[in-house]
Amino acid sequence: MKIAVCMKRVPDTATRLTFAPDGQSIDTSEVQWVISPYDEFAIEEALRIRERHGEGSVTVITVGTESSTKELRQALGMGVDDAVLASSEEPLDPIQTARALASILESRADDVVLFGRQAVDSQGAQVGALVARLLDRPFVNDIAAISIEGDQVRIEREVEGGREVIEGPLPIVVGADKSLNDPRYPKLKEIMKAKKKPIEIVTPETGAPALETIALTPPPPRPEGRIVGEGPDAVEELIRVLREEAKVI
Amino acid sequence: MEQFEGSDFYNLDDLLTEEQRLIRDTVREFVDDQVVPCIEDCFMTDRFPLQIIPTLGELGLLGANLNGYDCAGLDNISYGLIMQELERGDSGVRSFVSVQGGLVMYPIHRYGSDEQKDKFLPQLASGKMIGCFGLTEPDHGSDPSGMITHAVEDGDEYVLNGNKMWITNGCISDVAVVWAKLDDRIRGFLVEKGSPGFTTTKQEKKFSLRASTTSELHFQDCRIPKANLLPGADGLAGPLTCLTQARYGIAWGVVGSAMACFDAAKKYSLSRIQFDRPIGGFQLVQAKLAEMLSEITKAQLLCLRLAQLKDSGKMTAQQVSLSKRNNVYWALEIARSARDLLGANGVTHEYPVGRHMLNLESVKTYEGTHDIHTLILGHEITGIPAYK
C-alpha cells in the first residue's frame, strides 16, 4: 500500500496576524506555524491505513519554503516514513501549488493520495481537486471514513441528514474531514528518529499563476454597541430591536 | 480560556534545534488537550489526574533523558523544555514526571543491577508502573543524614523499619526507592507494593500541590529480597545525586509556571477596564509586567546554560542549586504579583494564577528549601558549611 499525504503549514490560530507593507500578503516574520489541522487528520488516516494493512509506506509532501521542514519533521515524528519538500520561496496560487504536487505525484503510483479538506488559512478547498484532475484520478472530499479491500475503496461522507457511501477502484485522491479520526501526538523517540529520516528537496515546475492577490485588508472595525435601556424596562425595547432591526429572532 | 502564549523575549527559540522546538510544541499541545481541561477540578478535589499516565508513557515523557530501556534518550535541553511545559499546566503534573524520571528511573538506571534495570525501567518508562522516592522523614527533612529508617540483614532478606513523609506518588506507587541505613551507611532499596510490612497513608489538608498525591510510607518489619538493594549507591551521595537531577528539572519547570502567570496577567491587564482604560495602561501595572518578563527571561537564560553544562558533563550540584533557588523564588514572586494584578479575580480558579502560586510554595520548599540552597551557595563561596 503506497500512500502520499499532501500537507500545508499554516499560521497557528493563536498567532496575531499583521499585514506586510505591500498590502498584498501577511507578514510572516513573527508567525508560529503548524500543520493545517485538516491535514493532520489526513496524516493520521494514512498511518492507520498503513497499520491496518500491515505493510506499505506513507510519504508526506508539502510545497513551501525551506523552513517548512519543521512541520515535515512533525509528520515524520507521528510515524510517516519519508518526506518531500517542493521548495518554493515565492507564494504560489492554487493551480501552481497543484502543478507542483502533481509533478511529484504522477511518477509515484500511490494507491491513495490524501489531503485535508481545505487549508485553514486560505480556506480555498481547491488544491485536492485540482491535483486529482491533473492526475486524472477520482476525488472525494470531506471523507468521514475510508476502508480498502484489494483494489476497491469504500468511503463514507457526512451529508445532510445522513451518510453517503461511495465505492470504487484505486487509485484515488481524498480530502479528510475532522470526523475521520483523532490524530496522535508525535512520540518523542520518533521525533529524534525523524532527524535521520530523509527529506527530499525538489524544485517543481509550477507554471504561471492564474490568480493574483490585489489587496489584503483587515475586517472593518466593529461598530460600537447600542444600549437600549437598563433593567427589566429595557426588555421590551430589546426584543423589538432584535426582531425588527437586527431580524435575528 | 484563551490559548496560552509562551514568553520568548530574547528569541531563545533561535538557539533551539528543530527537534527541540517540536518536542516543546508537542508537550504544550498535550498539556492544552489533556491537563488544562481537568487540572482545576483535580486541584479542587485533591487528586492526581491518573488518566494522563498512559499518554505520558506513550509520548516518551517518563525518564526522557535516559538512554536504553525504552527511554527516549533526549538531550537535557529537550528534557528541560518538557518540564517547563508540564509545569505550565501544573506543578503537580511536573512533580509526577520529575519523580518518576529523576528520582526513580534515574537511580535504578545509575545504581541498579542489570536485573533491576530490565525488570523496572521499561515498565516505568511506559507508565505501567509508578514509582516514588523515599528520603525525607517526619523528623529529618533538610538533614537527611540523620534519618532513622534502617535495614538489617536476615537470611535472604532485608528487614526495614521506619517512616518516610512528604513522598510524591507514594500511595499510587508500584515501587518505592527507599533510602535507609544499613550498618550505618545510607543505601537504596527497591520496595515493591505489597511487600509485607509496607503501608502508605495519603497526606491530607494540603493547600498546595493538591493535584499531586503526597504520602507517608511506613515500614514495620518490612521484608524485601536481598536482590532489591541498589548495588551502586553507598552513602548520602546516592540520594543527593538523584536530587540534583530532580532539581535540574525544577529549575526549568517553574519557568513554565511563571510563563502561565505572566500570560494570564498580561491578557487580563489588556482586557480589564478601570477608569475608562485597560489597566495595562497604568504605570504600576506596567512595572509589574516588566519585572515579570525580565525575571522570566533571566531564568530562561540560566536554564539554557545549565543544560549546556549538563550535556557536556560539567554541571555541578551548586550550579543547580543556584538555578533552582533563583527560578523558584522568582516564579513565586511572579505568581504573587500576577495574583495581585488580577485583583479579586486572582483569588478564584477562573484563572490559573492562584493555583500556581499555591503550588510554588511547595516547590520552593521541596528538593532542598530555598534557604538550604542559600547555604549550599554560601558553602561554595566561603568554603565553610553553615549546616554542619
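For every chain, the first residue of the written sequence is number 1, and numbering continues from 1 along that sequence. Written order decides the labels, with chains lettered from A and ligands numbered from 1. Restriction of local features to residues with pLDDT of at least 70 applies here, the model being predicted, together with a cutoff of 80 or more for giving and counting side-chain atom pairs; totals for whole chains, interfaces and linings are based on all residues. Side-chain calculation: all heavy atoms of the structure are included, whereas hydrogens and water are not.

Describing the overall build of chain A
We apply this condition: Per the convention used, a helix needs a DSSP run of H or I reaching at least four residues, while a strand needs a run of E reaching at least two, with both numbered from the N terminus. Burial classes: relative accessible area under 20% of the type maximum marks a residue as buried, over 50% as exposed, and values in between as partly exposed (1.4 Å probe, protein chains only). In this analysis, two residues are considered to be in contact whenever any of their non-hydrogen atoms come within 4.5 Å of each other.
Summing up its helical and strand segments, chain A has six helices and 11 strands in all. With respect to the principal axes defined by its C-alpha atoms, chain A has extents near 70 × 45 × 40 Å. Buried residues in chain A amount to 44% of all 249 residues. When contacts within chain A are restricted to residue pairs at least 6 apart in sequence, those whose partners lie at least 24 apart make up 69%.

As for a nonpolar patch on the surface
Residues and elements named next belong to chain A. Keep this limit in mind: The patches reported here contain residues having more than 30% relative accessible area and no salt bridge. Joining distances are 9 Å for like charges and 5 Å for nonpolar side chains (Val, Leu, Ile, Met, Phe, Trp, Tyr). For accessible areas, the Shrake-Rupley method is used with a probe of radius 1.4 Å. Any residue's cover is judged against the shown protein chains and nothing else. Within this document, salt bridges are pairs made up of a side-chain nitrogen of Lys or Arg and a carboxyl oxygen of Asp or Glu, the two lying within 4 Å of each other.
A grouping of V235, I239, V248 and I249 is seen on the molecular surface, where their side chains present a nonpolar patch of about 350 Å² in accessible area. Relative to the helices and strands, V235 is located in helix α6 (residues 234-245). Its relative accessible area of 46% is what places V235 among the partly exposed residues.

A look at the packing of helix α6 (residues 237-271) of chain B against helix α9 (residues 353-365) of chain B
All names here are of chain B. Operational definition: Here an axis means a line fitted to C-alpha atoms, over the contact stretch when the element is a helix, while the angle between two N-to-C directions is reported on a 0 to 180 degree scale. In this scheme, roughly parallel covers angles under 35 degrees and roughly antiparallel covers those over 145, while 65 to 115 is roughly perpendicular and the rest are oblique. When the near helix sits turned anticlockwise from the far one by under a right angle, the crossing is termed left-handed; a clockwise turn instead gives a right-handed crossing. Side-chain classes follow a simple rule in which Ala, Val, Leu, Ile, Met, Phe, Trp, Tyr, Cys and Pro form the nonpolar group, Asp, Glu, Lys and Arg form the charged group, and the remainder, Gly included, forms the polar group.
Interhelical geometry of α6 versus α9 gives an angle of 155° and a closest axis separation of 10 Å. On the basis of their axis angle, the class for α6 and α9 is roughly antiparallel. Crossing hand, α6 versus α9: left-handed. Residue-level inspection shows I250, V254, S257, A260, C261 and A264 of α6 in contact with α9, the latter providing V353, H356, L360 and V363. Partitioned by chemical class, the residues of the contact of α6 with α9 number eight nonpolar, two polar and no charged.

Some words on the interface of chain A and chain B
You'll often see interface size given as the accessible area lost when the parts meet. For clarity, the threshold we go by: Here the quantity called buried area is the total loss of accessible area, with a 1.4 Å probe, experienced by two parts when brought into contact, counted for both.
With 16 residues of chain A at the interface, the matching set in chain B holds 23 residues. Of the roughly 1900 Å² buried at the junction of chain A and chain B (both faces included), carbon and sulfur atoms supply 60%. Ranking the residues of chain A by area buried against chain B places K70, Y185 and L188 of chain A at the top, with a combined share of 40%. Our count for the contact surface shared by chain A and chain B stands at three salt bridges. The shortest N-O distance in the salt bridge between E18 of chain B and R73 of chain A comes to 3.3 Å. Here the residues of the side of chain A that touches chain B sort into six nonpolar, three polar and seven charged.

Here's the deal with the packing of aromatic side chains
Using the following cut-off: Between 30 and 60 degrees the pair is tilted, below 30 it is stacked and above 60 it is edge-to-face, where a pair is any two Phe, Tyr or Trp rings, Trp via its six-membered ring, whose centres lie within 6.5 Å.
Taken as a whole, this structure holds 11 aromatic pairs over all chains when the rule is applied. Residues Y185 of chain A and F30 of chain B carry aromatic rings whose centres are separated by 5.9 Å and whose planes lie at 85° to one another, so their mutual orientation is edge-to-face. With Y185 of chain A in the loop between β10 (172-176) and α5 (188-194) and F30 of chain B in helix α1 (residues 18-45), the pair connects residues from two separate chains. When sorted by exposure, Y185 of chain A lands in the same class as F30 of chain B, which is buried.

Quick look at the pattern of salt bridges
Summed over the entire model, instances satisfying the criterion amount to 47 salt bridges over all chains. The partner of R108 of chain A in a salt bridge is D110 of chain A, and the shortest N-O contact between them spans 2.8 Å. With a relative accessible area of 14%, R108 of chain A lands in the buried category. Residue R24 of chain B is joined to D13 of chain B by a salt bridge in which the shortest nitrogen-to-oxygen separation is 3.0 Å.

Here we look at the sheet that holds β10 of chain A
Residues and elements named next belong to chain A. Cut-off, in case you're wondering: Pairing between strands is defined by DSSP: at least two bridges between them are needed.
Read across the sheet, nine strands follow the order β9-β8-β7-β10-β6-β1-β4-β5-β11 without closing on themselves; strand pairing throughout is mixed. A single partner strand is all that each edge strand has here, and the edge strands are β9 (162-169) and β11 (199-202). The mean angle between the axes of side-by-side strands here comes to 30°, regardless of whether they run parallel or antiparallel. Where strand β7 (residues 139-149) lies against β10, three bridges are found, and the strand directions are parallel. Residue pairing for β10: V140 is matched across the bridge by V174. Running at roughly 160° to strand β5 (residues 82-87), helix α2 (residues 69-78) makes contact with β1 (2-7), β4 (57-64), β5 and β11 of the sheet. Lying over the sheet, helix α3 (residues 94-105) contacts β1, β4, β5, β6 (112-116) and β11, oriented at roughly 150° with respect to β4.

Remarks on the confidence of the model for chain A
In low-pLDDT regions, the fine details of the predicted coordinates are not to be read closely. Counted only if it meets this: The score called pLDDT rates the predictor's confidence residue by residue, from a low of 0 to a high of 100.
Of all residues in chain A, 100% have pLDDT values of 70 or greater, and the mean over the chain is 92. Predicted confidence in chain A is weakest over α5 of chain A, with a mean pLDDT of 89, and strongest over β1 of chain A, with 98.

With respect to helix α3 (residues 76-89) of chain B
Put simply, the rule reads: Here the expected span of a helix is defined as 1.5 Å times the quantity of residues minus one. As used in this structure description, the phrase polar contact means that two N or O atoms lie within 3.5 Å; if the pair is within protein, one of them must be able to donate a hydrogen and the other to accept it, and residues adjacent in sequence are counted only when both atoms belong to side chains.
Compared with the 20 Å implied by 1.5 Å per residue over 14 residues, the 20 Å span of α3 of chain B between its first and last C-alpha is a close match. Sitting at the amino-terminal end of α3 of chain B is D75 of chain B, which places a side-chain oxygen 2.9 Å from the backbone nitrogen of I77 of chain B.

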